[in-house]
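# Structural overview for review
Here's the letter readout for the chains.
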Amino acid sequence: MSDNIVYTLPTISTSPARPQKPPVDEKSLVHKQFLRGPFWQRIPAYADVPEATFLDHKWQSKNTITNVQKLMATLQGLVSPEFVADAEMGFKRAPMSVRVSPYLLSLINWDDPYRDPLRRQFITLGSRLLPDHPKLGLDSLGEQADSPVPGLTHRYVDKALFLPLDTCPVYCRFCTRSYAVGVDTDEVEKVQLHVNEERWKQAFAYIESRPELEDIVISGGDAYNLRPGQLTQIGHAVLDIPHVRRMRFATKGPAVMPQKILSDDAWVDALTEVVERGRKIHKEVVLHTHFNHPNEITGITEDAMNRLMERGIVVRNQSVLQRGVNDDVDTMKLLVKRLGHLNIHPYYVYMHDLVKGVEDLRTTLQTAIDLEKHIRGSTAGFNTPTFVCDAPGGGGKRDVHSYEYYDRVTGISVFMAPSVKPGRYFLYFDPIDALPRRGRDLWANPAEHQKMIDKALDRARAKRR
Ligand SMILES: *Cc1c(COP(=O)(O)O)cnc(C)c1O
Ligand code: SF4
């Protein structure tokens, strides 16, 4: 990054003075400072909402915004008519339906909505859309190809992903599962993965029939939207399978509606019961959540996470690397430190999947590599996320540094996954608009596409000879 590279060699000090780190002003430790107070009252529609109401998850759910007209009505007086028109155009062309909680809406800086990192994740703007990469597909991870039972993906040797439902407390633009999650949109007709006990039973039977499966991820959709009884039912069914050793419930909930953890006692009790039942039979049950930006973490989050800590529930985080959201060192560092402060382990940072309609949110593999270099060493190693690329086509997650070949001009990287799909090569593509001129010109010419790919594969193969 910097040209002033200084080489330091170890020296033996002869002076009696002990080395001192420069003093640090406590006020500069912003990762420990959480937004508190009635921040939501800045939104005209919530100006009269008292704290007790805002902290009630039922109020949050009931007031969650599920269509563009309602969104615009809520933002009345806050945004310009141009912004309204831009968002309307955006949602018309987006593969995801709109679903935004009042909590999230209140955390967006409406004085500068174009640049706000939370707005970018949830509200599509027509003017910011870029053409999709020519190599992009809707189920980019090939989850359906590795799916022996609807809603169950068995890709890795000893772990499986179970999607019991297809709804979420919010809908994220960047969702990998936009092939299934949310209602049909103008652009996409979805695979159906509704709550269906018959389908669940098939999934449990499959897990039971495969003694190698030790680790079950319950995702979705979102475990937040499971009723307490459903959470218990799934938790028990999976824990009762003798060879299962670990399970995780994945939910974006804490990042978008932490209120539920504070006020939905039945849900938290159900989760606690499953965690404790697991602990008694020496099986690990944890919560995986999904914070992407430090602004998503407030005093309400702190209270919610403290409650889970008191219950002895381990929480890990998976972020998605997104352009203009968390692709700079300061933001990623603050996110990681803030998560660590709340005892949430930053587990992964994912390269954005190659999904439709979000080219403006993707970044280059190089960005992830650079970020990792800055993050590692800034806090505890176990609070340092691994930066991964979930290889399109079903290779699974690969460390971004482990590419066989990476062409920074064409933006093509080549990965292998010997323990998942031996002998195969997997390609990731940087967003075209972030490439150097020459790369953009090459992609502008369809006759060059296969040549670029063949060259990258040849180089990758050459490396293995
Ligand atoms: C991510 C994922 C898992 C879990 O992988 P970890 O690296 O253990 O977090 C399991 N199955 C599928 C299909 C996945 O995408
Ligand atoms: S909460 Fe998760 S599954 Fe649901 S839309 Fe967002 S990224 Fe997709």
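Keep in mind the model is a prediction, meaning the values are calculated, not measured.

### Looking at the pattern of salt bridges
Under the defined criterion, the tally for this structure stands at 26 salt bridges. The partner of Asp146 in a salt bridge is Arg155, with the nearest N and O atoms 2.7 Å apart. Each of the two residues, Asp146 as well as Arg155, counts as buried. Two residues, Asp158 and Arg246, come together in a salt bridge whose shortest N-O distance is 3.8 Å. Here Arg246 lies in strand S4 (residues 246-250) and Asp158 lies in the loop between strand S1 (152-153) and strand S2 (159-162), a separation of 88 residues in the sequence. A network of salt bridges, in which partner residues are shared, links Asp158, Glu214, Asp215, Arg246 and Arg248.

### Describing the packing of aromatic side chains
Enumeration according to the criterion identifies 14 aromatic pairs in this entry. Pairing Phe39 with Trp40 gives two aromatic rings, centres 5.3 Å apart and planes at 80°, and the pair type is edge-to-face. Consider the rings of Tyr348 and Tyr350, whose centres lie 5.5 Å apart with planes at 65°: the pair is edge-to-face. Neither Tyr348 nor Tyr350 differs from the other in exposure class; each is buried. Members of the aromatic cluster, joined through ring pairs, are Phe39, Trp40, Tyr46, Phe54, Trp59 and Tyr103. Lying across the ring of Tyr156, Lys159 places its NZ or CZ 4.2 Å from the centre.

### What about the sheet that holds strand S5 (residues 284-289)?
With respect to topology, nine strands assemble into an open sheet ordered S1-S2-S3-S4-S5-S6-S7-S8-S9, the strand pairing being mixed. Whereas interior strands pair on both sides, the edge strands pair on one side only; in this sheet they are S1 and strand S9 (396-399). Pairing geometry for S4 and S5, over five bridges, is parallel. In the strand pairing of S5, Arg248 is matched with Val286. Packed onto the sheet, helix H7 (residues 197-209) meets S1, S2 and strand S3 (215-218) and runs at close to 180° relative to S2.

The rules behind the values
- Residues numbered from 1 in each chain as written.
- Chains lettered and ligands numbered in written order.
- Predicted model: local features only at pLDDT ≥ 70, side-chain atom pairs only at ≥ 80, totals over all residues.
- Heavy atoms only, no water.
- Salt bridge = Lys/Arg side-chain N within 4 Å of Asp/Glu carboxyl O.
- Buried < 20%, exposed > 50% of the residue type's maximum accessible area, 1.4 Å probe, protein only.
- Helix = DSSP H or I, 4+ residues; strand = E, 2+ residues; numbered from the N terminus.
- Phe/Tyr/Trp six-rings, centres within 6.5 Å; stacked < 30°, edge-to-face > 60°.
- Lys NZ or Arg CZ within 6 Å of the ring centre and 35° of its normal.
- Pairing = 2+ DSSP bridges.
- Contact = heavy atoms within 4.5 Å.
- Axes fitted to C-alpha atoms, helices over the stretch in contact; angles between N-to-C directions.

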